[in-house]
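For reference, the chains in residue letters:
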Amino acid sequence: MGYVYIRDVLDGGYTGKQVHLRGWVYRIRKQKKMVFVMLRDPSGVIQTVIKQKTVSEEQFADAQKMLIESLVTISGTVKKDDRADGGFEIQVSNLNVLHFAEEFPITENQSVEFLNDTRHLWMRSRKITNILKIRDEVFRSAREYLRSKGFYETTSPMFVSTIGEEGAALFEVEYFGKKIYLTQTSQMHLEPQLFAMEKVFTLAPSFRAEKSRTRKHVTEFWHLEAEEAWCDHECNIRRQEELISHMCHSVAKSRRNELAELQIDPERLLKIKTPFDRMTYTEAIDFCKNEGLSIEWGEDIRTEAEELLTKDRDTFLFIEYYPKEIKSFYMKNNEDDPRTFRCDDLLAPEGFGEIIGGSQREDDVGLLLDNIRRSGDDPEKYEWYLDIRRYGSVEHSGFGVGMDRLITWMLNLEHIRDSIPFPRTVSRVYP
Ligand code: 4AD
Ligand code: MG
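Remember, it's a predicted structure, so these values are computed and weren't measured experimentally. (Residues numbered from 1 in each chain as written. Chains lettered and ligands numbered in written order. Predicted model: local features only at pLDDT ≥ 70, side-chain atom pairs only at ≥ 80, totals over all residues. Heavy atoms only, no water.)

**Student:** I'd love a proper account of the state of the cysteines, names of residues and values included.
**Tutor:** Tallied over the full model, the rule gives one disulfide. Put simply, Cys-231 and Cys-235 are joined by a disulfide, and their sulfur atoms are 2.0 Å apart. Sign of the S-S torsion, about -105 degrees for the bond between Cys-231 and Cys-235, identifies this disulfide as left-handed. On the basis of relative accessibility, which here comes to 0%, the residue Cys-231 falls in the buried class. Judged by its relative accessible area of 14%, Cys-235 is buried. (Disulfide = S-S within 2.5 Å. Buried < 20%, exposed > 50% of the residue type's maximum accessible area, 1.4 Å probe, protein only.)

**Student:** Now, about the nonpolar core: what can you tell me, with residues and values included?
**Tutor:** Ile-244, Phe-316, Met-410 and Leu-411 are the most contacted members of the largest nonpolar core, which has 48 residues in total. For this core, the element with the highest residue contribution is helix H5 (residues 126-148), accounting for eight residues. Contacts of Met-410, omitting those with residues within four sequence positions, involve Val-138, Met-247, Cys-248, Val-251, Ile-264, Arg-268 and Leu-269. (Core = buried A, V, L, I, M, F, W, Y, C linked by side-chain atoms within 4.5 Å. Helix = DSSP H or I, 4+ residues; strand = E, 2+ residues; numbered from the N terminus. Contact = heavy atoms within 4.5 Å.)

**Student:** Give me the lowdown on the side chain of His-415, citing residues and values where you can.
**Tutor:** Its place among the elements puts His-415 in the segment after helix H14 (403-410). Setting aside chain neighbours within four positions, we find His-415 in contact with Thr-214, Arg-215, His-217 and Thr-408.

**Student:** Which residues make up the pairing of strand E15 (residues 353-360), and what are the values?
**Tutor:** For E15, a buried count of six out of eight residues is recorded, marking the element as mostly surrounded by other parts of the structure. Sheet topology note: the strand E14 (residues 343-348)/E15 ladder contains six bridges and is antiparallel. In the strand pairing of E15, Leu-347 is matched with Glu-354. Between E14 and the antiparallel strand that follows it, E15, lie four residues; Glu-350 among them carries a positive phi value of about 60 degrees. With five bridges connecting them, E15 and strand E16 (residues 396-402) associate as antiparallel partners. (Pairing = 2+ DSSP bridges.)

**Student:** Which residues make up the site of ligand 1, and what values do they have?
**Tutor:** Neighbouring residues of ligand 1: 22 residues in total, closest Glu-165, Gln-187, Glu-210, Glu-225 and Glu-354. In the model, an oxygen atom of ligand 1 is placed 2.8 Å from a nitrogen or oxygen of the Arg-361 side chain. In isolation ligand 1 has 630 Å² of accessible area, and contact with the protein removes 94% of it. Secondary structure elements with two or more residues in the shell around ligand 1: strand E11 (220-229), E15 and E16. Its residues assigned to classes, the shell around ligand 1 comprises seven nonpolar, seven polar and eight charged. (Near = heavy atom within 4 Å. Polar contact = N/O pair within 3.5 Å; in protein donor to acceptor, adjacent residues only side chain to side chain. Areas by Shrake-Rupley, 256 points an atom, 1.4 Å probe, with all protein chains shown as cover. Nonpolar A, V, L, I, M, F, W, Y, C, P; charged D, E, K, R; others polar.)

**Student:** Explain the sheet that holds strand E12 (residues 277-280) residue by residue, including any values.
**Tutor:** On the basis of which strands lie adjacent, the open sheet formed by eight strands has the order E6-E10-E11-E16-E15-E14-E13-E12 and mixed pairing. A strand with exactly one partner marks an edge of an open sheet, and here the two such strands are strand E6 (152-153) and E12. H14 contacts strand E10 (199-207), E11, E14, E15 and E16 of the sheet and is inclined by roughly 55 degrees relative to E16. (Axes fitted to C-alpha atoms, helices over the stretch in contact; angles between N-to-C directions.)

**Student:** Any chance you could break down helix H2 (residues 57-65) for me, citing the residues and the numbers?
**Tutor:** Among all positions of H2, only Gln-59, Phe-60 and Ala-63 are buried. Along the axis of H2, the buried residues cluster in a sector spanning 100 degrees; they form a single face. Seen from the open side of H2, the exposed residues pointing more than 90 degrees away from its buried face are Glu-57, Glu-58 and Lys-65. In this fold, the buried residues of H2 make contact with strand E1 (18-30), strand E2 (34-41), strand E3 (44-51) and strand E5 (88-99). (Arc of directions from axis to C-beta.)

**Student:** Can you explain the packing of aromatic side chains? Please cite residues and give values.
**Tutor:** The geometry of an aromatic ring pair comes down to the distance between the two centres and the angle between the two planes. By the definition in use, this model includes twelve aromatic pairs. Centroid distance Phe-139 to Trp-222: 6.2 Å. Interplanar angle 50 degrees. Geometry classified as tilted. Within this pair, whereas Phe-139 is found in helix H5, its partner Trp-222 is found in strand E11, the two being separated by 83 residues in sequence. Relative accessible area serves as the criterion here: at 13%, Phe-139 is assigned to the buried category. By relative accessible area, Trp-222 is classed as partly exposed at 27%. Between Phe-276 and Phe-316 the ring centres are 5.3 Å apart and the planes differ by 20 degrees, which places this aromatic pair in the stacked class. With Phe-276 in the loop between helix H9 (267-270) and E12 and Phe-316 in the loop between helix H11 (303-310) and strand E13 (317-320), this residue pair connects regions lying 40 residues apart in the sequence. By relative accessible area, Phe-276 is classed as buried at 4%. By way of ring pairs, the aromatic residues Phe-329, Tyr-330, Tyr-382, Trp-384 and Tyr-385 are connected into one cluster. Just above the ring of Trp-409 sits the side chain of Arg-268; from NZ or CZ to the centre is 4.7 Å. (Phe/Tyr/Trp six-rings, centres within 6.5 Å; stacked < 30°, edge-to-face > 60°. Lys NZ or Arg CZ within 6 Å of the ring centre and 35° of its normal.)

**Student:** Got a sec to walk through the pattern of salt bridges? Specific residues and values, please.
**Tutor:** Pairing between side chains of opposite charge can happen when the charged atoms of each approach one another. Tallied over the full model, the rule gives 40 salt bridges. Taking the shortest distance from any N to any O, the salt bridge between Asp-377 and Lys-381 comes out at 3.1 Å. The exposure class assigned to Asp-377 is buried, which follows from its relative accessible area of 19%. For Lys-381, a relative accessible area of 38% corresponds to the partly exposed category. Measuring nitrogen to oxygen at the nearest pair gives 3.0 Å for the salt bridge that ties Arg-390 to Asp-387. (Salt bridge = Lys/Arg side-chain N within 4 Å of Asp/Glu carboxyl O.)

What follows is the structure, encoded as structure tokens:
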């Protein structure tokens, strides 16, 4: 028997025809001689009506008995009906209950805490389902863009013995009596790989033991990181803006229904066009000062300043050339302004703030050693990393996209955790 997806019925392809559907009972309303079931599958929700006189006695008894989230198959005729949600109704001729659900714990108006405790069930909601399907498109389109530009997808270890991002707190792991870490970034293990493949990327978790309880922080996030040989700062900027706009457009084009259900206007994503706006760090500090923020050159651009810089924008903004003191040792020294590195942060619009950190990498072994020493770290631990600047060192750049943050911005979500199937925060590792 050929089952069809609810979306195809809602799109009008089966009007007047007999269809077979399978899915879960989303809502149910029982009357004496009729049972209305809102049936859901991954593609959508449709109204069905089970009448006493059109199904068998047993089937009608089952319909009267079943609770929401029961698993069913249904056969029936598609009728156009403007009173029904979605404009169609299925007049059921055959109902088969494959699993009678127990009483579902999630009812309307639950607290956020309860919904997070029952995340394994709540993800069936239309909201989370739609978000997860968009997340799939974001991941898919990122890979599509990078592959089309000649990048190879690769992997790197999650257990590491060196620190990748100064300033971002580490999770320590007991590793056969030794102290090691969960990786904060895959960058340092991607760079050696470009000597084999020139253009590489990885899509993997990064871990940060940050106590920040903001709408943008989780302790485990999905990090898209790319490294490219023969690529300077300008090339790196272009790569980032092309990638982000490709992802935005792909979601707008191929997830229209999901965006509509989440009440996001696809125009929000379609108007993201390259080239993005750019500002130097120095200009950004001046801007913030003029707006009345108390901030001095040399300080990091934190939430408040990011908000100020992006609140009146509807497209992305690069901030370039940060002071060395507030960025990581691996960045390329900027000869035009030696106080700074050739690096960038990409800020998302409407006050959202940082979603990418990137830079050209220091490819001179001596300068890199200086940077490590200046940061107060022990160069010995980085011998292997220094090695890649010793044998055919090549100009290269890279960046890391916080994928969960990007989705949070795209869908205007209240909190980053809603962009992730099973989010991990300071206070949550369950379920
Ligand atoms: O700016 P970050 O720390 O840069 C790096 O880790 C570089 N090594 C990346 C690279 O060049 N390959 O992190 C990159 C991005 C941030 O811009 C942010 O979007 C995201 O990772 N991110 C987080 N997302 C969610 N929760 C957190 N706690 C995050 N910390 C960073
Ligand atoms: Mg950063």
